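Examining the three-dimensional arrangement
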Amino acid sequence: MFSRIMVANRGEIALRIIRACREMGIETVAICSKSDKNAMYLKQADIPVCIGPSDAEGSYLNIPGIISAAEITDIEAIHPGYGFLSEVSHFAEVCESSKIIFIGPKSEVLKKLGNKTEARKIAIANKIPVVPGSESVVKSQQQALDVAHMIGYPVIIKASSGGGGRGMRVAHNDISLVNSLAVAQREAEAAFKDPSIYIEKYIEDTRHVEVQIFGDNYGNIIHLGERDCTLQRRHQKLIEESPSPHISERLREEMCKAAIKIAKAVNYTNAGTVEFLVDKLGNFYFIEVNTRLQVEHPVTEMVTGIDLVKQQIRIAYGERLNIKQKRVRPRGVAIECRINAEDPQNGFRPNPGKITLYNPPGGRGVRVDSHVYSGYEIPPYYDSMISKLIVYQKTREEAIACMKRALKEYIIEGVKTTIPLNLELIAHPQFASGNINTNFVENLLAKNQH
Amino acid sequence: MFSRIMVANRGEIALRIIRACREMGIETVAICSKSDKNAMYLKQADIPVCIGPSDAEGSYLNIPGIISAAEITDIEAIHPGYGFLSEVSHFAEVCESSKIIFIGPKSEVLKKLGNKTEARKIAIANKIPVVPGSESVVKSQQQALDVAHMIGYPVIIKASSGGGGRGMRVAHNDISLVNSLAVAQREAEAAFKDPSIYIEKYIEDTRHVEVQIFGDNYGNIIHLGERDCTLQRRHQKLIEESPSPHISERLREEMCKAAIKIAKAVNYTNAGTVEFLVDKLGNFYFIEVNTRLQVEHPVTEMVTGIDLVKQQIRIAYGERLNIKQKRVRPRGVAIECRINAEDPQNGFRPNPGKITLYNPPGGRGVRVDSHVYSGYEIPPYYDSMISKLIVYQKTREEAIACMKRALKEYIIEGVKTTIPLNLELIAHPQFASGNINTNFVENLLAKNQH
Amino acid sequence: MSIIDKVKQLISIMNENKLSEIEIQEDVTKIRIKKGEVGYIHTASSTTIPSVYPQQLEQKNSVQVLPKENENFVEIISPMVGTFYRANAPGADPCVNVGDFVNDETVVCIIEAMKIMNEVKAEMAGEIIDVYVNDGEAVEYGQSLFRVKPSTK
Amino acid sequence: MSIIDKVKQLISIMNENKLSEIEIQEDVTKIRIKKGEVGYIHTASSTTIPSVYPQQLEQKNSVQVLPKENENFVEIISPMVGTFYRANAPGADPCVNVGDFVNDETVVCIIEAMKIMNEVKAEMAGEIIDVYVNDGEAVEYGQSLFRVKPSTK
């Protein structure tokens, strides 16, 4: 096994990876920016290295800085977490050429699947249903209009290099399409340094279901069941669960089979997630592959009993998958709520600042993945997610009851958080019924304002 | 189901029971003493009632006060937790005559099993092996010497009404027996208001293994496997785990069968624990039945997936046991460390005071049962246990690694705790090997002093 | 040494050593002194203590001295949990009314606990200023029952 | 002495000594007095902040002003993570030595990152007082490299 690896991320996911390494007896090098230098979770790492200033460009996205830190600390592999450089094929390439193992898929797989138009082509070639739309990047306004007329409104404009729900816009007619097009391109340029966009049929009343896949370096690929991430706000996931309450056993099997087909088509290695939309008739459509660990990976860990991060590390080291597909038998129900430091009264604006009192819930069935504590200062430079609250129970009803009591117990003073929103969502009878779609949160918020 | 129950306890176990009730939709009345009045966990209860002054006599042991509070708050049942009144048959009697359901066995069962000499007789009558010793209370010094000579030294003196390891003394010869006898009686009188003591053969190099049992009101009795509590200091449990690393499958089955036999002999209802000693040859001896929830119940919850507190409440309400014996299939390994506010440098003297910073560990496989938080003032009047840290993993090796990293993460500033001791024990190669006995901790501490 | 003398001595130690805060506790005696100078940055004492923190004020008996704004009043507090009755028997007159003068031995109310009627005595001399609890209401241990203006000796 | 008298005496002690807070406890009696002045700014200062709390000190450039006790010195800090070299080439003389005077453009060391040799300039004028890092050692972003006594202008 590796004797020392680098964690090229921050916050809860850095802590998550450090925890796995400690349990495996692997030393960790944790990089940090100037403003994270004194974060308590870094004390769990064996070697913390400050690599740059607060802005992510100079630190967590600073490839030369990271590689330089890797060289001076003599590490064997880098775990990129999620976000930041985790899906940047160039970073994986640099690692490969520096003889550092990138804990994730090979750089050429990142490149292939990172471009959504490419990924879509792979799906089509493998007879996986996709949402009708432009087969490739839309280059002109006229081409966009042609595609929209062919597939019919509403349509959704997406950034080719996008992710995490950013850079998406829905258009209901020619005028809004023309307007949105320019804005979407500018946003894509700003966010991903790539203005390419594509257009898809916008499917209403959809559920978001994704399949966790895992491949080793010897061609073995398995799935670890699905996660339901239908509860979103502006395409940002809020609450995730496994199993999905929306799909039949037959649909689940079909989607898992489709996920493995795509993974095999690209010789996928390490952890990945194949995302699908499911409409109310039970049709499913491939959207994209997330070529990294997901924020919501703990729900899969709870129902399968498998530690995804340890598995990633073992596979990156060259071990064979030691789990046979038929031995993956998810049991029970897991739900995750993302706790963001955001002010729901102010359009969910990030609310950095000092946490004056922090008291996480505990007890049976409760898992908290968080790097914060009483006195922690949330820096204003990064993501607003400060905690993931995961519950695990035998039935969905019990899981909802457990989440409700855990959210009520959760005390975070000093900054505004999404705990009250999560509580409202989890306690909503429509959530309990499972009969929700991806617009549920926004419709509810709009209703609350009247 | 009950609509409102009272939690007649404090601290982590009160919070544990309140959590179960919240998840079941049952309202809770939480009693407290004056010095617990502002404890944060009480905010999780629907109705907190201050029933007396700080000393336990006037509050948590104050039966009239508790029943009076029960009457004014109109509750249907009382959960006594562990310690305090949980095994006091008179309290169960008062509840019964006040038409309040006592969540535990019937008062006559408490009385029968609460007296260890009686319990021993029941075991003998049911052909369960017991430790050789006085068949009943030892009334005179001469009788004590006679018993000791008959069974041979070393012997152990125990309080008939004792529990939690208090009131026990080992004697290796006539002189130490005579001396210990008087002290043990005085201690028993002070602690339990009952000076009765009995004498047993002291079995060296023993393991402490206990079986969790559960009975309903319709004669159904099952076991939920065993817990190993060999790691003790002065007969106080420090680390517990399930399954036991000490026993063979055959021994496990025999002990579980014996536990059920005893439970059936007294028509046992609700949760209980049958404690055994196991010697190095694999012989087991019945010690006693704890007629209540145990501190270490979470390890059984982790490996069986059963919520013991919810199960207690359901059975007390009159539901039938909905678990068949053959469907109880413990899987994985759970370990619990008790975190006490004690100063290891000062003979483990309780160390009450203000917790200036509290940051519990989290992440995969970690459960924390604790009522404390940053700023909590540990009152000097009660037990020094402030937290239970439980881990759950597939294998014992992984569980130990997880406990190690969780203990290292655990930050409690302001008071001295047993975290460093737990860390030393859990990291000890002898603990990993499983080859320890009940004297392991004391031998280690003695060695550390040299 | 009286407590005031102690405080004075501590202050001179503070001045000599340029201390901003001092806190001592000896048995049941506790002294805490803090200095704030203009321009000084200092805590608003308990500002950093969240509202949820326990305040441990033990009551040794059933009489409670009220804080600053009511310095001239004391309270009779409940010595047990139970049901509060103003009179000895249903329909009877209340044991005491506002304006009544009480002394150590005056029974001011009844608290029923487990069907037993417990008389609560004033344990002080003074005038009843206010009755906080209505007849038949539940009270907990330590709850304020009456406000009393103590007789000046 | 009555409690009121005690309070009065304590207040005069507070006034005399410019105290902002005083708290005493004797048996069951507890007195706490606090003074608040208009326009006072208070924070939790640092007394209640545990050592583990983050201190966010942003560096805008590679020169760092040292705290009080060294008010006359500044530090040159590392602008990147990498390996520190005192000389331009193996075997060459160090770029600077203790006692050397530097100006804005003086190259004081080399930091190697990803096989690239990056020159670090003094960005200030003054005398090198101390070299904190040994040749060939790893340095992180923001780490102090040299202590400098700035030239008075």
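Provided above is the structure to which this section pertains.
For the structure given in this document, a descriptive report is provided here. (Residues numbered from 1 in each chain as written. Chains lettered and ligands numbered in written order. Predicted model: local features only at pLDDT ≥ 70, side-chain atom pairs only at ≥ 80, totals over all residues. Heavy atoms only, no water.)

Next up on the list: the packing of aromatic side chains. Evaluation of the coordinates by the stated rule reveals 21 aromatic pairs over all chains. For R396 of chain B, the ring lying beneath its charged end belongs to F431 of chain B, and the centroid distance is 4.7 Å. We note R147 of chain D situated over the ring of F73 of chain D; from NZ or CZ to the ring centre the distance is 5.2 Å. (Phe/Tyr/Trp six-rings, centres within 6.5 Å; stacked < 30°, edge-to-face > 60°. Lys NZ or Arg CZ within 6 Å of the ring centre and 35° of its normal.)

The next point concerns the pairing of strand β5 (residues 82-85) of chain D. Here β5 of chain D pairs with strand β10 (residues 138-139) of chain D via two bridges, running antiparallel. Residue pairing in the sheet places T83 of chain D in a bridge with A138 of chain D of β10 of chain D. (Pairing = 2+ DSSP bridges. Helix = DSSP H or I, 4+ residues; strand = E, 2+ residues; numbered from the N terminus.)

Turning next to the sheet that holds strand β5 (residues 101-102) of chain A. Sheets are built from strands paired through backbone hydrogen bonds, the pairs being either parallel or antiparallel. All names here are of chain A. Judged by pairing direction, the sheet is parallel, and its five strands sit side by side in the order β3-β2-β1-β4-β5 without closing on themselves. Because the sheet does not close on itself, it has two edges, and the strands there are β3 (47-52) and β5. In terms of strand pairing, strand β2 (residues 27-33) meets β3 through five bridges, oriented parallel. Looking at β3, one finds that C32 is bridged to C50. Packing against the sheet, helix α1 (residues 11-24) makes contact with β1 (4-7), β2 and β4 (77-79), and its axis sits at approximately 170° to β1. (Contact = heavy atoms within 4.5 Å. Axes fitted to C-alpha atoms, helices over the stretch in contact; angles between N-to-C directions.)

As a further point, take a positive patch on the surface. A cluster of like positive charges, contributed by R327, R329, R331 and K394 of chain A together with R327, R329, R331 and K394 of chain B, occupies part of the molecular surface. Here R327 of chain B shows up in the loop between α10 (308-317) and β14 (333-340). (Patch = residues over 30% accessible without salt bridge, like charges linked within 9 Å, V, L, I, M, F, W, Y side chains within 5 Å. Areas by Shrake-Rupley, 256 points an atom, 1.4 Å probe, with all protein chains shown as cover. Salt bridge = Lys/Arg side-chain N within 4 Å of Asp/Glu carboxyl O. Lys, Arg positive; Asp, Glu negative; His and termini not counted. Charge placed at Lys NZ, Arg CZ, Asp CG, Glu CD.)

Right, let's get into the pattern of salt bridges. In total, this model carries 72 salt bridges over all chains according to the counting rule given. Its salt-bridge partner being K37 of chain A, residue E140 of chain D comes within 2.9 Å of it at the nearest N-O pair. Of this pair, E140 of chain D sits in the loop between β10 and β11 (144-150) while K37 of chain A sits in the loop between β2 and β3, placing the two residues on different chains. Judged by its relative accessible area of 18%, E140 of chain D is buried. In this structure, R364 of chain A engages D307 of chain B in a salt bridge whose closest nitrogen and oxygen atoms are separated by 3.3 Å. One end of the pair, R364 of chain A, is in the loop between β18 (357-359) and β19 (366-370); the other, D307 of chain B, is in the loop between α9 (297-304) and α10, on a second chain. Residue R364 of chain A shares its accessibility class with D307 of chain B, and that shared class is buried. A single network of salt bridges, built from pairs that share partners, joins R16, R19, E23, E301, D307, K310, R367 and D369 of chain A together with R364, R405 and E409 of chain B. (Buried < 20%, exposed > 50% of the residue type's maximum accessible area, 1.4 Å probe, protein only.)

Under the criterion given, the structure shown has seven cavities of 30 Å³ or more. The computed volume of the largest cavity comes to approximately 470 Å³. Looking at the largest cavity, it is lined by 39 residues, and the ones nearest its centre are Y358, P360 and P361 of chain A together with P360 and P361 of chain B. Among the elements of the structure, α1, β18 and β19 of chain A together with α1 (11-24), β18 (357-359) and β19 (366-370) of chain B are those that each provide at least two residues to the lining of the largest cavity. (1 Å grid on protein atoms, 1.4 Å probe; cavity = no way out; pocket = protein on both sides within 12 Å on 5 of 7 lines; lining within 4 Å. Points joined across faces, edges and corners; volume = space filled by probe spheres on them.)

Turning our attention to helix α7 (residues 174-192) of chain A. Residue and element names in this part refer to chain A. Compared with an ideal rise of 1.5 Å per residue, which puts 19 residues at 27 Å, α7 spans 26 Å between its outermost C-alpha atoms and is within 8% of the ideal. For α7, the full list of buried residues reads L177, S180, L181, A184, A188 and F192. Looking at the buried residues of α7, the elements they touch are α6 (141-151), β6 (155-159), β7 (169-171) and β8 (197-201). K193 occupies a position one or two residues after α7 and carries a positive phi of about 60°. (Expected span 1.5 Å × (residues − 1).)

Before going further, it helps to examine the state of the cysteines. Residue and element names in this part refer to chain B. The tally for this structure, following the rule as stated, stands at zero disulfides over all chains. The closest cysteine sulfur to the non-disulfide-bonded C95 is located on C21, 15 Å from its own sulfur. Overall, C95 belongs to the buried group, its relative accessible area being 0%. C402 takes part in no disulfide bond, and the closest cysteine sulfur, belonging to C337, lies 11 Å away. By relative accessible area, C402 is classed as buried at 0%. (Disulfide = S-S within 2.5 Å.)

You can see L15 of chain A is positioned in helix α1. Filtering out sequence-adjacent residues up to four positions away, L15 of chain A remains in contact with Y41, Q44, S370 and H371 of chain A together with E409 of chain B.

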